[in-house]
Amino acid sequence: SAVISQKPSRDICQRGTSLTIQCQVDSQVTMMFWYRQQPGQSLTLIATANQGSEATYESGFVIDKFPISRPNLTFSTLTVSNMSPEDSSIYLCSAAGQGAEKLFFGSGTQLSVL
Amino acid sequence: LAKTTQPISMDSYEGQEVNITCSHNNIATNDYITWYQQFPSQGPRFIIQGYKTKVTNEVASLFIPADRKSSTLSLPRVSLSDTAVYYCLVGDTNAGKSTFGDGTTLTVKP
């Protein structure tokens with residue numbers, strides 16, 4: 001199993017600013033993902049964080065808005081850039097090993113944009 | 001990506017068996033079916049995963065018919081602490097492509 005630590009756990013930000021969310025896994029993992037979860041809704045995959053290369057974004061999400069880094073096999077960051085109130089959501093980091101294995105999730109970052 | 005359909009909500013009482021069904025008509029050959037449980041203010045937690053037939057672990061069973069177009073999560077003898085949202089996920093995490101369903105909110109009553 002893998003334990004995922006995310007920080008900050010919550011933040012309140014001003015419109016137009018950026019926030020970087022950090023995700024630390026306690027063991028090396030092959031894949032890391034970033035999800036967004038609107039209140040009362042399901043999870044939507046933002047992107048796959050690839051180690052050593054650019055992230056792979058899902059439809060509707062772009063690198064300029066959600067730049068992602070993954071410098072090694074245990075760490076990734078997601079930046080929410082030029083925030084607007086519509087970005088208020090929970091952002092979740094997850095990780096998986098090689099193969100069709102289960103996903104492990106962090107507790108999420110609750111973001112509120114004023 | 002395979003789209004999944006689950007009931008929005010279900011109610012049960014303590015001690016009962018709960019069955020939650022997920023439809024995934026467009027499941028691909030390489031896709032696995034995985035169920036997650038999510039409590040408020042927490043990330044989803046893995047419950048069980050299967051490819052076909054039946055899988056059982058210490059907390060649940062997963063039934064998958066031969067055509068794999070649906071699956072049923074079975075929770076034996078639920079308790080109040082099983083009140084949560086349950087998600088059916090279909091995909092191949094090796095390819096990094098997985099789709100969460102809308103989730104089923106299970107409420108267990110005393």
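Refer to the preceding data block for the structure.
Because the structure is predicted, anything quoted here is derived from the model rather than measured. (Residues numbered from 1 in each chain as written. Chains lettered and ligands numbered in written order. Predicted model: local features only at pLDDT ≥ 70, side-chain atom pairs only at ≥ 80, totals over all residues. Heavy atoms only, no water.)

Some details on the overall build of chain B
Next, step 1: A count of helical and extended segments in chain B gives 0 helices and 10 strands.
Next, step 2: Of the regular secondary structure in chain B, the N- to C-terminal order runs β-β-β-β-β-β-β-β-β-β.
Next, step 3: What you see for chain B is a C-alpha radius of gyration of 13 Å, in line with the 13 Å of a compact globule of 110 residues.
Next, step 4: C-alpha atoms of chain B, sized along the principal axes, occupy 40 × 30 × 25 Å.
Next, step 5: Every one of the 110 residues in chain B was classed for burial, and the buried ones make up 46%. (Helix = DSSP H or I, 4+ residues; strand = E, 2+ residues; numbered from the N terminus. Rg over C-alpha atoms; globule rule 2.2 N^0.38 Å. Buried < 20%, exposed > 50% of the residue type's maximum accessible area, 1.4 Å probe, protein only.)

Points about unusual backbone geometry
Next, step 1: A cis amide bond, omega 5°, links A:Lys7 with the succeeding residue A:Pro8.
Next, step 2: By the secondary structure assignment, A:Pro8 is in the loop between β1 (4–7) and β2 (10–13).
Next, step 3: Despite not being glycine, A:Asn82 shows a phi value in the positive range, around 45°.
Next, step 4: Within the secondary structure, A:Asn82 is located in the loop between β8 (75–80) and β9 (89–96).
Next, step 5: Judged by relative accessible area, A:Asn82 falls into the exposed class, the value being 54%.
Next, step 6: Its identity is not glycine, yet B:Thr53 carries a phi of approximately 60°, on the positive side.

Things to note about the sheet that holds β1(A)
The strands that make up a sheet pair up through hydrogen bonds in the backbone, lying either parallel or antiparallel.
Residues and elements named next belong to chain A.
Next, step 1: The antiparallel open sheet is built from 4 strands, whose spatial order is β1-β3-β8-β7. Unpaired on one side and paired on the other, β1 and β7 (68–72) mark the two borders of the sheet. Strand-to-strand, the axes of this sheet are offset by a mean angle of 15°, without reference to chain direction.
Next, step 2: Direction of pairing for β7 relative to β8: antiparallel, over a ladder of 3 bridges. (Pairing = 2+ DSSP bridges. Axes fitted to C-alpha atoms, helices over the stretch in contact; angles between N-to-C directions.)

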